[in-house]
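As a plain string of letters, each chain reads:
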Amino acid sequence: MEQSSSCFESEIDFCPECGTVLPLPGVQDTVTCLCCSFSVDVHEFEGRVIHTSVTFNTIDSTSLRKVDEGKEVKGPLLDRNCPRCGHEGMVYHTRQMRSADEGQTVFYTCPRCKFQEKEDS
């Protein structure tokens, strides 16, 4: 059942009957709500400028995983040699990076040079 007038008032981007976001105008004479089939005359959209943009995540200092030089690395110590400086003993922690039915990822950090490596198990 198509309708053309409503008892309610709303922004032109939204259906005045149910509040659903209306689809963009196309080549048809009306814009029809996908939820309740309410129709708006396409001429009501004339003169409106539609702007779209895509914002990608930016790399900032908080997203980079670094160990501060001044901070002491804490955690359990393993008998593992650091591949960068050769120090014997690396601190580790684990994270569940993949689905629950797969193994955890182990992150190793050298307490001397702060070198980090990971191992998927």
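Cut-offs used in this document
- Residues numbered from 1 in each chain as written.
- Predicted model: local features only at pLDDT ≥ 70, side-chain atom pairs only at ≥ 80, totals over all residues.
- Heavy atoms only, no water.
- Helix = DSSP H or I, 4+ residues; strand = E, 2+ residues; numbered from the N terminus.
- Buried < 20%, exposed > 50% of the residue type's maximum accessible area, 1.4 Å probe, protein only.
- Contact = heavy atoms within 4.5 Å.
- Areas by Shrake-Rupley, 256 points an atom, 1.4 Å probe, with all protein chains shown as cover.
- Polar contact = N/O pair within 3.5 Å; in protein donor to acceptor, adjacent residues only side chain to side chain.
- Salt bridge = Lys/Arg side-chain N within 4 Å of Asp/Glu carboxyl O.
- Core = buried A, V, L, I, M, F, W, Y, C linked by side-chain atoms within 4.5 Å.
- Pairing = 2+ DSSP bridges.
- Axes fitted to C-alpha atoms, helices over the stretch in contact; angles between N-to-C directions.

Engineer: Would you explain the overall build of the chain in this entry?
Structural biologist: Helix and strand content of the chain: zero helices and six strands. Its helices and strands in sequence order give the chain the pattern β-β-β-β-β-β, from N to C terminus. Looking at the chain residue by residue over its 121 residues, the buried ones come to 20%. In the chain, the share of contacts with a sequence separation of at least 24, taken over all contacts with a separation of at least 6, comes to 29%. Counting only carbon and sulfur atoms, one obtains 49% of the accessible surface of the chain, whose full area is about 9700 Å².

Engineer: I tried to follow the side chain of Thr-109 on my own but got confused; where do I start?
Structural biologist: On the secondary structure map, Thr-109 appears in strand β5 (residues 105-109). At 3.4 Å, the side chain of Thr-109 and the side chain of Gln-116 are in polar contact.

Engineer: How should I be thinking about the pattern of salt bridges in this particular structure?
Structural biologist: A side chain of one charge can pair with a side chain of the opposite charge when the charged atoms of the two come close. Under the definition given, this model contains two salt bridges. One salt bridge connects Glu-117 with Arg-80, and the closest N-O pair in it is separated by 3.2 Å. Of this pair, Glu-117 sits in strand β6 (residues 116-120) while Arg-80 sits in strand β3 (residues 77-81), and the two are 37 residues apart along the sequence. The residue Glu-119 makes a salt bridge to Arg-80 at a minimum N-O spacing of 3.6 Å.

Engineer: What is the right way to read the nonpolar core from this model?
Structural biologist: Grouped burial of nonpolar side chains is what soluble globular proteins tend to show. Counting nine residues, the largest nonpolar core consists of Ile-12, Cys-15, Leu-22, Val-31, Cys-33, Phe-38, Val-40, Val-42 and Phe-45. Of all hydrophobic cores here, the second largest spans six residues; its members include Cys-82, Val-106, Tyr-108 and Cys-110.

Engineer: So what exactly am I meant to see when it comes to the sheet that holds strand β4 (residues 88-95) here?
Structural biologist: Strands pair in a sheet through their backbones, by hydrogen bonds, and they do so in one of two ways: parallel or antiparallel. Strands sit in the order β3-β4-β5-β6 across an open sheet of four strands; the sheet is antiparallel. Since the sheet does not close on itself, it has two edges, and those belong to β3 and β6, each with one partner. Shown here is a sheet whose adjacent strand axes are inclined to one another by a mean of 40 degrees, direction ignored. Where β3 and β4 come together, three bridges link them in antiparallel fashion. Its bridge partner lying in β4, Leu-78 is registered against Met-90.

Engineer: Would you take a moment to explain the side chain of Lys-114 for this structure?
Structural biologist: Mapping Lys-114 onto the fold places it in the loop between β5 and β6. Lys-114 gets classed as buried once you look at its relative accessible area, which sits at 15%. In terms of polar contacts, Lys-114 uses its side chain to reach the backbone carbonyl oxygen of Pro-111, at 3.0 Å.

Engineer: Hey, could you run me through the pairing of β6 in this one?
Structural biologist: Two faces make up the sheet, and in a regular strand the side chains alternate between them. Across five bridges, β5 lies against β6 in antiparallel orientation. Each residue of the ladder has a partner; that of Thr-105, found in β6, is Asp-120.

Engineer: Would you take a moment to explain the environment of Arg-112 for this structure?
Structural biologist: On the secondary structure map, Arg-112 appears in the loop between β5 and β6. The exposure class of Arg-112 is exposed, given its relative accessible area of 55%. Beyond its immediate chain neighbours, meaning those up to four positions away, Arg-112 contacts Cys-85 and His-87.

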